[in-house]
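Chain residues, written in single-letter form:
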Amino acid sequence: MTGASRGIGRALAVRLHQAGMRVAVTARSAEALDALAAELGGEGDVLALPGDVTDPRAVTAVVETAERVLGPIDLLVNNAGAAEPHEAPVWESDPEEWWGTVTTNVLGPMLYVHAVVPGMLARGSGRIVNVNSLLGVWTLPTQTAYSVSKAALAKLTAALSAGLAGTGVLAFDYSPGRVRTDLTSDLGDLPGARDDSWTSMEQAVDGVLAIARGRLDALAGRFIHARDDLEILVLRAAEIAERGGRVITLAEAFDGDPLSQR
């Protein structure tokens, strides 16, 4: 579990541990991770491993230590994420801050996939959850780094899922929705958002638990939202696949659009 020191990542770590899973948690704050491990109080089944998700050496060290102490990684949750600290149109954004957001949200998951998937392939099983956002689908003028990075993450999941087809390893795009966390405070209010558009932390966490238990395997490679009726999505999984639904793609401009045909 990356980004486990606070917010959704912390809540996910607690819930997965309560469900009987051995949990390795990572984030940049060693102090916060130690506090989480102490709260869970696991007898050798909780491991706190500080590290930066954008540092390849740190990622390798986290994965190698987790597998040595806890055993093979069956579930990877790429939750660590960042938002630009100042909302602005692209031409007014600070390039370093902008690129830093994209790096955390795209390079971080890629590095963990790179480190974890070979072991999953060798065992013929495993699940990867990339924590995404509807902001990767919507076009917003002032949260561009976050939106661009989440759209890229969705394409990474789709490519990963296609490459893993038939291997027993599954990848998912999962949006927890608008949960009240430090990150959503940084992002600010969304255009037209209502008070009832917030997702409860419990609902956000339950979706990842459903993926971990294999309930949503038929939706691998698709965009899943915490506020979906997950049972209906599973029942209609074949239809979703046939229609090419729940993936980022080029919209058809008109019937028979030749670009869409390609």
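About the cut-offs
- Residues numbered from 1 in each chain as written.
- Predicted model: local features only at pLDDT ≥ 70, side-chain atom pairs only at ≥ 80, totals over all residues.
- Heavy atoms only, no water.
- UniProt positions renumbered as here; feature names shortened; annotations may be inferred.
- Helix = DSSP H or I, 4+ residues; strand = E, 2+ residues; numbered from the N terminus.
- Pairing = 2+ DSSP bridges.
- Axes fitted to C-alpha atoms, helices over the stretch in contact; angles between N-to-C directions.
- Contact = heavy atoms within 4.5 Å.
- Buried < 20%, exposed > 50% of the residue type's maximum accessible area, 1.4 Å probe, protein only.
- Right-handed = clockwise from strand over helix to strand, strands pointing away.
- Salt bridge = Lys/Arg side-chain N within 4 Å of Asp/Glu carboxyl O.

Under an unreviewed UniProt entry, the name given to the protein chain is SDR family NAD(P)-dependent oxidoreductase, and the organism recorded is Nonomuraea ferruginea. The record in UniProt for the protein chain states the following under Sequence similarities (unreviewed entry): "Belongs to the short-chain dehydrogenases/reductases (SDR) family."

Draft legend 1. Structural detail: unusual backbone geometry. Non-glycine residue Arg246 carries a positive phi angle of around 60°. Relative to the helices and strands, Arg246 resides in the loop between helix 9 (237–243) and helix 10 (258–261).

Draft legend 2. Quick peek at the sheet that holds strand 5 (residues 169–175). A sheet is described by the order of its strands in space; here 4 strands give the open sequence 3-4-5-6, paired in parallel fashion. With one partner strand each, in any of the chains shown, strand 3 (75–78) and strand 6 (223–225) form the two edges of the open sheet. Direction aside, neighbouring strands of the sheet carry axes that sit 25° apart on average. Note: strand 5 against strand 6, 3 bridges, orientation parallel. Residue pairing across strands places Asp173 opposite Phe223, the latter belonging to strand 6. The strands touched by helix 4 (residues 95–123) are strand 3, strand 4 (126–131) and strand 5; relative to strand 3, the strand with the most contacts, the crossing angle is about 175°. Lying on the sheet, helix 5 (residues 144–164) is in contact with strand 4 and strand 5; it crosses strand 5 at an angle near 160°.

Draft legend 3. A look at the pairing of strand 5. Judged by how many residues are buried, strand 5 sits mostly within the fold: 6 of 7 residues are covered. In this structure, strand 4 lies alongside strand 5, joined through 6 bridges in parallel fashion. Looking at the pairing, Asn130 lines up with Asp173 of strand 5. Following the backbone out of strand 4, through helix 5 and into the adjacent parallel strand 5, one traces a crossover that is right-handed.

Draft legend 4. Representation of the side chain of Ser175. With respect to the helices and strands, Ser175 occurs in strand 5. Beyond its immediate stretch of four places on either side in the chain, Ser175 contacts Asn132, Ser133, Leu134, Phe223, Ile224, His225 and Ala226.

Draft legend 5. Structural context of the pattern of salt bridges. Taken as a whole and assessed by the stated rule, the structure comprises 5 salt bridges. The closest approach of N and O atoms between Arg215 and Glu231, which form a salt bridge, is 2.4 Å. Of this pair, Arg215 sits in the loop between helix 7 (201–212) and strand 6 while Glu231 sits in helix 8 (residues 230–235), and the two are 16 residues apart along the sequence. On the basis of relative accessibility, which here comes to 43%, the residue Arg215 falls in the partly exposed class. You can call Glu231 partly exposed: its relative accessible area is 44%. Taking the shortest distance from any N to any O, the salt bridge between Arg246 and Asp228 comes out at 2.9 Å. Separated by 18 residues along the polypeptide, Arg246 in the loop between helix 9 and helix 10 and Asp228 in the loop between strand 6 and helix 8 bring together distant segments of the chain.

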